[in-house]
Amino acid sequence: MIEFFLDGVPMQAEEGQTVIQAARANGVDIPHFCWHPELSVPGNCRICMVEIEHDGTDPWFDISCNMPVTAGLKVLLNSELAKKIRKDTMAFITLNHPVDCGICNKSGECTLQDYHYEHNGAASLSRDPKTHATKFFPLSDRIMLDNERCIMCTLCVRFTHEVSKSHALGAVNRGDHTLIRPAEDANFNADQYSDNVIDLCPVGALLSRDLLDHSRVWYLQPTASVCPGCERGCSIDIWHRKHEWKLTALDPRMNASIDRVTPRENPAVNGLWVCNKARDLAHLFERPRAEQAMQRGAAVELSEGIAAAARLIATSRNPVALVSSWGSNEELAAFHAAFAQRLRAFVKVDHTPQPGEVLEDHLLIKPDKNPNRRGALALFPALPDDVAQALTPDTDLVLVWGEGFDGALIPDGARVIRLDAFAHDQNAGADVFIPVSLQTERSGHYTNFDGVVTAFSACFPLKPSIAHAESVFASIIAALWLTADAASVQLT
Amino acid sequence: MSDTVLTTAPLSGTKFFMNFPITATSHSLADYKARGGYQALEKALREMQPAEVTKEVSAAGLLGHGGAAFPAGRKWGVVKLGDGEPHYVCMNADEGEPGTFKDRWLLEHVPHLCLEGLIIGSYALQGRHAFIYIRGEFDLSHRRMADAIEEAYDAGLLGENILGTGYSCDVVLYRGAGSYVCGEASAMLASLEGKKGWPRNRPPRLTVKGLYQKPTVVNNVETLANVPVIISRGAVEFKKVGTPKSPGTQMISISGHIARPGVYEVEYGYPWQKFIYDDCGGMQGGATLKCIIPGGVSTKLLSAKEMEPLTLDHNSALAGGSQLGSGGMIVIADGTCMVRLAQVIQRFYHHESCGQCTPCREGMGWMERILNRIVAGGGRPEDIDRLYQISTANDGTTICSLGDSAGYACSAILDHYREEFEYFITHKRSMYDGRLVVDDPFSGTLATTGARA
C-alpha cells in the first residue's frame, strides 16, 4: 500500500492505481466523463484534472485518470486552480452542447447536468451560435443519437471495441465537427450489448428509442431484479412508475409496465452489463396474461380451481408433475415440500432459444434460456428428451407448471392441471387451470448456472384473481388435508 | 534597397546538408555515394556497438529538430537494449506546421541521408523494422524516398544482413492522409497502427510504449539526417559547429514578406538580423519588418524590436520569449492586419484540431468564431479578454501540445498588437485594410500592394 494525500487527507492506495481509482476506493469521486472503471483510459474529457502540490514554482496539474499514485503524492482536488480548470472545462463542454435539459430524456440522471450545477453553473460565455450537428441520427434500430449533445467522451466507441467486441462504432471527422458514427464494416444492430452505451453515455446523446419521450426518469423507480432471459441470471434494475406519480387519467396499464431495464452491478454474475434481451424484458413479460382460473375452459373462482386441483391429485394413481425452470427457489422448495412424495416430478424447459437468438457468446449470454434450471435440478430430475419415459401410458394426471410444454405429449386419458402466468390456447383445454404470478409480481431467488443465488423483488401488485404459485401449492396441500382422503396424505 | 538585395553575400558557415550542387541526379544513390554517402552506416555497423552509436549521438548534443528540441541521445537512451522487446524507430516526415518546409527539402534532395540516419538509428536501438511516416501531400518527397528505399534495398543497404554485417532492417514507408495532428508523435503512431490519428496521454512515454505498445523512438527527418553527419565526423567535430547548447546547424524555411524566401541551412548562433537582412535579402519590396513568427505558427511571434538582439539558436529564442521550434520562419511586414492574421491562424487550428480532448476541440472553434465575428465587424469589447481566457484555459490542459500552441499563437498576437484588435472592434474595420506600404520597384514611388484598389 502507498500513502498519498488528497486535499491534505492521507489515503491508502494500491500499487499501480491511478489517482482517480485510488480516490474512488477511498470514497472520493473525482469528476469524470470519459473515464470508466471497466474501459481504457483515453483522458479526453479533461474534467478530472487535479493539481499536484510540489516544491517547484510552476503549477503542476494533470488528469487524475492517467496519473499513477506515487508515495506521498499531494493531490489537490479543490484548490483554486483545480476548481478553475474544472469550471473552464465545463464551459468548454457546454459551449456547443445545447443544454436543452428541459426536453432531454437524460435529464435527471445526466452527468453533464450534475457537473454543470456543481462545477460551473454560469451562463454561457459565448455570444456566437453553437455548432449544429445531426439530431435524431438512428445509430441502430434501438438507439437514437443526438450529435449536438455528444461531448465526444468515446465511452460508446470504447465499449464496442473493448467489451462487446462488435467494433461497430467510431468517430468520424475532426475537431468540433467530430461525430460518432457506425463503422462501415460492422453492424451495430447485431451487437447484443448495444444498449449498454445508453447507460454509459454521460449526456443525452445516446437514447433508447423505446424510452424516447416515454417518461421522465424521475417518475420512475428501480426495483432490483434478475433477468430470466438465460441461465446467467444477470442482476438488473426494472424501472417502473413510482407510486406517488401514478397516472390516474391515462391508460392505467402504464402504472404497471416495465419502462426500462438497466444493469445492476454484480461482479459475481454480470459485472456492469446486460444484453439487449434483458432490455426487452417488457416484451417477454407484457404478453397477454392468464387472469382467470378455469375448469375445462369454464371460468371458476380461484379457490374453486385450487379445490378442483386438489381433488384431481387426491384421486390420481399415477400423477406426474412438470416443474417450471422459471420458478424461484422458494416456489420450487414449496413444490418439493408439498408434492415430492405424491407426484413424480421432472424439471421441464420452459423456454428454448428463439430462431435467430444468440446461443452463447464471449461475455454473458448462455445457451439455456431459463433462469433457474440449476435451482430446479437440485430438487428434481430433468425431464428426459423422450418425454414418454416420464409420461408413461399409465399416467393419469399431469400437472404442468409454467410455459413451453405441448399438450399433445400428454398421454390420452390423463387429466391435466396447468399453472401458467400467460394466456395460451391450451390453458382452456386443461381440466383445471390456475393463473399464477409473474416474476415482476413476487419476490424470490434464482440460482444461476454458476450456482450464484440472486434475489429479485416485486415491482407490481398482484391482481386478486391471480395467485402466487407458492401459495397455490400450499392451498392444494391444505385442501388435500381437508378432503376425505386426508389420512393418505403423507406429512413430509 | 533593391541593390542591397542583389549584393548580399551568400550565407556563410558550415553546411551539413546543403553542400552540393543540385542536379537532376543529385538525389540518387550513385551521386550520394560519390559524395561519401553510406560511409557513416558502414562505420556504425562495422566499427561501433549499438550503445556506442547512442553514446556518440548523446555526446554530440544533437537536439530534436521537430520543434521541441529534446536531446535525441537522451530519447534513444531510454530504450533498453536487450529487453526482449522489439524496438521501432519512426521518421516523422509529416511536416505540417504552417511556415515549415525544411524536411521537404531534405526528403527531396538528400533522401538517402535521411534513410541512412534512420538505419543507423534503428541499429543503435536494435530495431528490426523502421518506419517513415510521410506527409500525404508531399508527392515528390514521397517518390524520392520510395525510390531511395528501393535503391537501398538493391544495394544491400536495407533488408537482411545489411552490408554483410549480420544486422537486418526493413523500412516501411507510410503516407499520411493530410492531418496536421498526425505530426504529433503519438498521433502518428496511432495513424501508423491504422487507427484514427488521435494523440495519446503520457505516461506511458512512447519510448516505453509506442508503436504496437513497444518501445519506439520518433525522430524528425532533420534529426535523423544529422546522425550520419555525427557518426562520420565524430561528436567532437560536430559540437564545434553551432553554439555549445545548440550544436550543429538548423534548416530554416523562411516565407512571408521576405525578398528571398526558401530553405537555408544556418549554423546555430547565427545572428537573426543578419540572416534576414543579408542572407534572405531583407524585406520584400523594402517594406518594414513588423514581426516574425520564428518557428512555425505554434511559436509565439516576436516583434522586430524583440528579434533584433537574438541569434538563431534555441536558448536565444527562449530568452526572447519564444522558441525556434521547427525553424519555420514567417516574416510579417508592417501594414499586415494582425487581426486577420490571428483569424487565419485560428482557422487553421480549428480545422486541424483532432477533436479528441475537450479544451482544444471546443476552444479552437470558439476562438475562430470570435475572430470571424471581429473581422466581420461584430466585435465586442469583451472579446479580447475572452480570447485570452480561452488561450489560458487551453494551456497545459490538453492531451498533446498542439492545444497549448494554438493558444500561444493567439495570445502572443494579442500581447503585441492588442490595439489593433481594439481598433477593429471599435471601428469595425482594420487599422491597415490589408495594404502593405512598400517601395514599388517599377515606379520608384510609394505604392500599395495587396488589396490594390
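Worth saying up front: this structure is predicted, and the values here are computed from it rather than measured.

**Topic: the side chain of Q439(A)**
Residues and elements named next belong to chain A.
Stage number 1. With respect to the helices and strands, Q439 occurs in the loop between β20 (432-435) and β21 (444-447).
Stage number 2. A polar contact of 3.0 Å, which involves the side chain of Q439, links it to the side chain of S225.
Stage number 3. A polar contact is formed between the side chain of Q439 and the side chain of Y446, at a distance of 3.1 Å.

**So, the domain arrangement of chain B**
Residue and element names in this part refer to chain B.
Stage number 1. Segmentation of chain B into domains returns domain 1 (29-239), domain 2 (249-333) and domain 3 (338-427).
Stage number 2. Between domain 2 and domain 3, the C-alpha centre-to-centre distance is 23 Å.
Stage number 3. Listed as interface residues are ten residues of domain 2 and, on the opposing side, twelve residues of domain 3.
Stage number 4. Both faces considered, domain 2 and domain 3 share a buried interface measuring about 970 Å² in area, 68% of it formed by carbon and sulfur atoms.
Stage number 5. Our count for the domain 2 to domain 3 interface comes out at one salt bridge.
Stage number 6. Between E420 and K290 there is a salt bridge, with its nearest N and O atoms 2.6 Å apart.
Stage number 7. The interface formed by domain 2 and domain 3 contains four residue pairs in polar contact (both at pLDDT 80 or more).

**Quick notes on the environment of A23(A)**
Residues and elements named next belong to chain A.
Stage number 1. Position of A23 relative to the elements: it lies in helix α1 (residues 19-25).
Stage number 2. Residue A23 is classed as buried on the basis of its relative accessible area, which comes to 0%.
Stage number 3. Taking the C-alpha atoms as reference, A23 lies 8.1 Å from A13; in sequence the two are ten residues apart.
Stage number 4. Non-local contacts of A23, meaning those with residues more than four positions away in its chain, are made with F4, L6, V28 and I30.

**Points about the sheet that holds strand β4 (residues 60-63) of chain A**
All names here are of chain A.
Stage number 1. Within the open sheet, the five strands sit side by side as β2-β1-β5-β3-β4. Their pairing is mixed. The sheet terminates laterally at β2 (9-13) and β4, the two strands that pair on one side only. Within the sheet, the average angular offset between the axes of one strand and its neighbour, ignoring direction, is 35 degrees.
Stage number 2. Bridge analysis of strand β3 (residues 49-52) against β4 gives four bridges, and the strand direction is antiparallel.

**Details of the pattern of salt bridges**
Stage number 1. Applying the stated rule across the entire model yields 44 salt bridges over all chains.
Stage number 2. With a shortest N-O distance of 3.3 Å, R174(A) and E352(B) are connected by a salt bridge. One end of the pair, R174(A), is in the loop between β8 (169-172) and β9 (179-182); the other, E352(B), is in helix α15 (residues 338-352), on a second chain. Accessibility classification places R174(A) together with E352(B) in one group, the buried group.
Stage number 3. Members of the salt-bridge network, linked through shared partners, are D100(A), K135(A), D146(A), E148(A) and R149(A).

**Some words on helix α9 (residues 185-192) of chain B**
Residue and element names in this part refer to chain B.
Stage number 1. Among the eight residues that make up α9, eight are buried, leaving the element largely enclosed by the rest of the structure.
Stage number 2. Taken together, the buried positions of α9 are A185, S186, A187, M188, L189, A190, S191 and L192.
Stage number 3. Directly after α9, the chain includes G194, whose backbone phi takes a positive value near 95 degrees.

**Some details on the interface of chain B and chain A**
Stage number 1. Listed as interface residues are 37 residues of chain B and, on the opposing side, 35 residues of chain A.
Stage number 2. Between chain B and chain A, roughly 2,900 Å² of surface is buried when both sides are summed, and carbon and sulfur atoms account for 51% of that area.
Stage number 3. Broken down residue by residue, the surface that chain B buries against chain A is led by R361(B), W366(B) and R369(B), which jointly contribute 21%.
Stage number 4. Joining chain B to chain A, the criterion identifies four salt bridges.
Stage number 5. Two residues, R369(B) and D176(A), come together in a salt bridge whose shortest N-O distance is 3.6 Å.
Stage number 6. On the surface where chain B and chain A come into contact, there are 17 residue pairs in polar contact (both at pLDDT 80 or more).

**Here's the deal with the side chain of K366(A)**
All names here are of chain A.
Stage number 1. Topologically, K366 is positioned in the loop between β17 (344-347) and α10 (373-377).
Stage number 2. Overall, the relative accessible area of 15% leaves K366 in the buried class.
Stage number 3. Every residue in contact with K366, bar those within four places of it in the chain, is listed here: C230, E231, R232, L359, E360 and F449.

**A look at the packing of helix α7 (residues 111-124) of chain B against helix α8 (residues 139-154) of chain B**
All names here are of chain B.
Stage number 1. Axis separation between α7 and α8 bottoms out at 9 Å; the angle between their running directions is 60 degrees. By the angle class used here, α7 and α8 are oblique. Handedness of the α7/α8 crossing: right-handed. Two secondary-structure elements touch here, α7 through P111, H112, C114 and L115 and α8 through R144, M145, A148, I149, E151 and A152.

**A look at the domain arrangement of chain A**
Accessible area lost upon the coming together of the parts serves often as the stated size of an interface.
All names here are of chain A.
Stage number 1. Entries for chain A in the domain assignment read domain 1 (2-95), domain 2 (97-214) and domain 3 (294-488).
Stage number 2. Look at where the C-alpha atoms of domain 2 and domain 3 centre, and you get two points 44 Å apart.
Stage number 3. Facing five residues of domain 2, the contacting portion of domain 3 comprises six residues.
Stage number 4. A combined buried area of about 440 Å² lies between domain 2 and domain 3, and 69% of that area is made up of carbon and sulfur atoms.
Stage number 5. Ranking the residues of domain 2 by area buried against domain 3 places V163, Q192 and Y193 at the top, with a combined share of 87%.
Stage number 6. There are zero salt bridges connecting domain 2 and domain 3.
Stage number 7. At the boundary of domain 2 and domain 3, one finds four residue pairs in polar contact (both at pLDDT 80 or more).
Stage number 8. Its residues assigned to classes, the side of domain 2 that touches domain 3 comprises two nonpolar, two polar and one charged.

Conventions used here
- Sequence order sets the numbering: in each chain, residues are counted from 1 along the sequence as written.
- To read the labels, note that chains go from A and ligands from 1, taken in the order they are written.
- It should be noted that, the model being predicted, local features are given only for residues of pLDDT at least 70 and side-chain atom pairs only at 80 or more, the latter also being counted only at that level, while totals for whole chains, interfaces and linings use all residues.
- To get the side-chain values, all heavy atoms of the structure are used, and hydrogens and water are removed first.
- What counts as a helix is a DSSP run of H or I of at least four residues, what counts as a strand is a run of E of at least two, and both are numbered from the N terminus.
- Pairs of N or O atoms within 3.5 Å make up the polar contacts considered here, provided that, within protein, one atom can donate a hydrogen while the other can accept it, and that residues adjacent in sequence are counted only when both atoms are side-chain atoms.
- Domain start and stop points were drawn from an automatic or database domain assignment.
- Residues count as neighbours in contact if any of their non-hydrogen atoms are within 4.5 Å of one another.
- The buried area of a pairing is the accessible area, by a 1.4 Å probe, that goes missing from both parts when the two are put together, added over both.
- The salt bridge criterion pairs a side-chain nitrogen of Lys or Arg with a carboxyl oxygen of Asp or Glu, the two atoms within 4 Å.
- The buried label applies to any residue whose accessible area, calculated with a 1.4 Å probe on protein chains only, is under 20% of its type's maximum; exposed applies above 50%, and partly exposed to all values in between.
- DSSP-based pairing: two strands are paired if at least 2 bridges between them are found.
- Fitted lines through C-alpha atoms give the axes, limited to the stretch in contact for helices. The angle between two N-to-C directions lies from 0 to 180 degrees.
- Any angle that falls under 35 degrees is termed roughly parallel, while one over 145 is termed roughly antiparallel, one within 65 to 115 roughly perpendicular, and all others oblique.
- Helix crossings fall into two classes, left-handed where the near helix is turned counterclockwise from the far one by less than a right angle and right-handed where it is turned clockwise.
- Note on residue classes: Ala, Val, Leu, Ile, Met, Phe, Trp, Tyr, Cys and Pro are nonpolar, Asp, Glu, Lys and Arg are charged, and everything else, Gly too, is polar.

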